[in-house]
Amino acid sequence: MPSLISFRRSTSLSVALAVLLTGACRDGGDLSTPPELVANRPRFDGAAALALVDTQVAFGPRVPGTAGHAAQLQWMVELLSASADSVELHPFTHIHTGTGESLALTNVLARFRPGEPRRLLFLAHWDTRPTSDAADTPERRAVPVPGANDGGSGTAILLHVARILAETPPDVGVDILLVDGEDYGPTTDDMFLGARHYARNLAEARPVYGVLLDMVGDATPRFPVEGYSALLAPEVAGRVWAVAHALGFGQFFPTQAGQRISDDHIPLNQAGLPTVNVIDFDYGPGNSLWHTPEDDLENVRAETLGMVGELVLELIYMGG
């Protein structure tokens with residue numbers, strides 16, 4: 001996740017659900033009425049997703065250039081290869097703007113029904129931050145972030161979604177994108193690297209919309225409409241939050257626009273792919289767990305992972 005410097009509180013986008021739903025889908029569908037839920041779709045197992053978070057944390061820091069980063073990449077590719085119709089590795093390098101260090105990075109793109117023209121994109125970052133820069137002492141700030149929530153939670157949800165899609169293929173095409181280099185830093189010049197790489201190489205046959213999952217495992221979840229999502233992709237935000245309310249998650253998905261947070265969805269929107277950010281940027285009391293050594297398995301909940309996973313599956317099986 002980006003530094004606190006890189007966002008500001010929105011004062012002009014207090015967007016109620018009724019306003020968000022006045023737009024139309026990209027393909028012309030009306031969003032002004034509550035969506036009809038899918039009756040017999042598969043269900044999401046939050047406990048299974050939590051186990052996938054546990055595996056990631058056990059690899060150690062997933063900082064580019066470390067053993068944990070390499071181990072996680074191999075593990076993800078093995079899991080996705082057993083589920084997806086195709087798995088593409090997109091390696092690239094980034095020269096750090098501060099140190100001149102060359103970072104070897106890899107995006108992983110798993111595709112389901114690759115020949116289907118109508119596609120949805122779901123993404124999360126799989127790397128972790130090399131320092132706990134929000135910790136309270138110099139010694140603790142030097143420790144890499146474990147990344148259970150910030151990195152591990154969104155990745156775990158999408159890996160479990162992939163297994164479900166393999167067992168019950170959807171009618172719509174689905175792309176699962178796990179991006180690297182989101183959290184290297186320390187400034188935003190050296191962050192969101194995988195999303196920028198994907199956006200630069202976005203094909204004309206692009207998904208209808210994208211949904212970014214970031215920090216989606218907190219014990220006390222709250223997902224307001226992220227401010228840039230409301231501004232740059234209001235129709236998609238309306239769709240996603242309307243589905244969350246229809247699923248009964250309204251208390252956790254307030255429809256007011258929250259903070260504007262620089263994140264992986266920004267390059268995608270700039271490239272013309274409307275993408276929203278499902279993020280709970282209030283991790284622990286006063287956001288006290290963000291970018292600290294306490295971002296560990298103890299502070300992630302299966303129930304929260306399950307709720308966000310249910311939202312993702314509903315969007316997929318209702319066809320977007």
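The rules behind these values
- Residues numbered from 1 in each chain as written.
- Predicted model: local features only at pLDDT ≥ 70, side-chain atom pairs only at ≥ 80, totals over all residues.
- Heavy atoms only, no water.
- 1 Å grid on protein atoms, 1.4 Å probe; cavity = no way out; pocket = protein on both sides within 12 Å on 5 of 7 lines; lining within 4 Å.
- Points joined across faces, edges and corners; volume = space filled by probe spheres on them.
- Nonpolar A, V, L, I, M, F, W, Y, C, P; charged D, E, K, R; others polar.
- Helix = DSSP H or I, 4+ residues; strand = E, 2+ residues; numbered from the N terminus.
- pLDDT = per-residue confidence, 0-100.
- Contact = heavy atoms within 4.5 Å.
- Buried < 20%, exposed > 50% of the residue type's maximum accessible area, 1.4 Å probe, protein only.
- Lys, Arg positive; Asp, Glu negative; His and termini not counted.
- Salt bridge = Lys/Arg side-chain N within 4 Å of Asp/Glu carboxyl O.
- Phe/Tyr/Trp six-rings, centres within 6.5 Å; stacked < 30°, edge-to-face > 60°.

## Concerning the layout of surface pockets
Phase 1: Estimated volume of the largest pocket: approximately 260 Å³.
Phase 2: Partitioned by chemical class, the residues of the lining of the largest pocket number six nonpolar, three polar and five charged.
Phase 3: There is about 210 Å³ of room inside the second largest pocket.
Phase 4: Lining the second largest pocket are 13 residues, and of these L109, Y198, N201, L202 and A203 sit closest to its centre.
Phase 5: Put simply, the parts of the chain that give the lining of the second largest pocket at least two residues each are β2 (86-95), β3 (102-112) and α6 (193-200).

## Re the confidence of the model for the chain
Phase 1: Looking at the chain, the pLDDT average stands at 90 and 89% of residues meet or exceed 70.
Phase 2: Contacts from residues 1-19, a stretch scored under 50 in pLDDT, to residues over four places away or in other chains number 57 contacts.

## What to know about the side chain of D295
Phase 1: Structurally, D295 is set in the loop between β8 (275-279) and α10 (302-317).
Phase 2: For the buried residue D295, which engages in no salt bridge, the nearest side chain bearing the opposite charge is R62, 7.3 Å off.

## A look at the environment of R222
Phase 1: When you line up the elements, R222 lands in the loop between β6 (209-214) and α7 (227-232).
Phase 2: When residues no more than four places from it in sequence are discounted, the contact partners of R222 are F252, P254, I279 and D280.

## Quick word on the pattern of salt bridges
Phase 1: By the definition in use, this model includes ten salt bridges.
Phase 2: Residues E314 and R41 are paired through a salt bridge, measuring 2.5 Å at the closest nitrogen-oxygen approach. With E314 in helix α10 and R41 in the loop between α1 (17-20) and α2 (46-58), the pair connects residues that are 273 residues apart, well separated along the chain.
Phase 3: On the basis of relative accessibility, which here comes to 1%, the residue E314 falls in the buried class.

## A look at the packing of aromatic side chains
Phase 1: On inspection of all chains with the given rule, the structure shows four aromatic pairs.
Phase 2: Between F223 and F253, the aromatic rings sit 5.0 Å apart at their centres with planes inclined by 25°, giving stacked as the arrangement. Of this pair, F223 sits in the loop between β6 and α7 while F253 sits in the loop between α8 (234-246) and β7 (260-261); the two residues are 30 residues apart in sequence, bridging distant segments of the chain. Each member of the pair F223 and F253 is classed as buried.
Phase 3: Members of the aromatic cluster, joined through ring pairs, are F223, W241 and F253.

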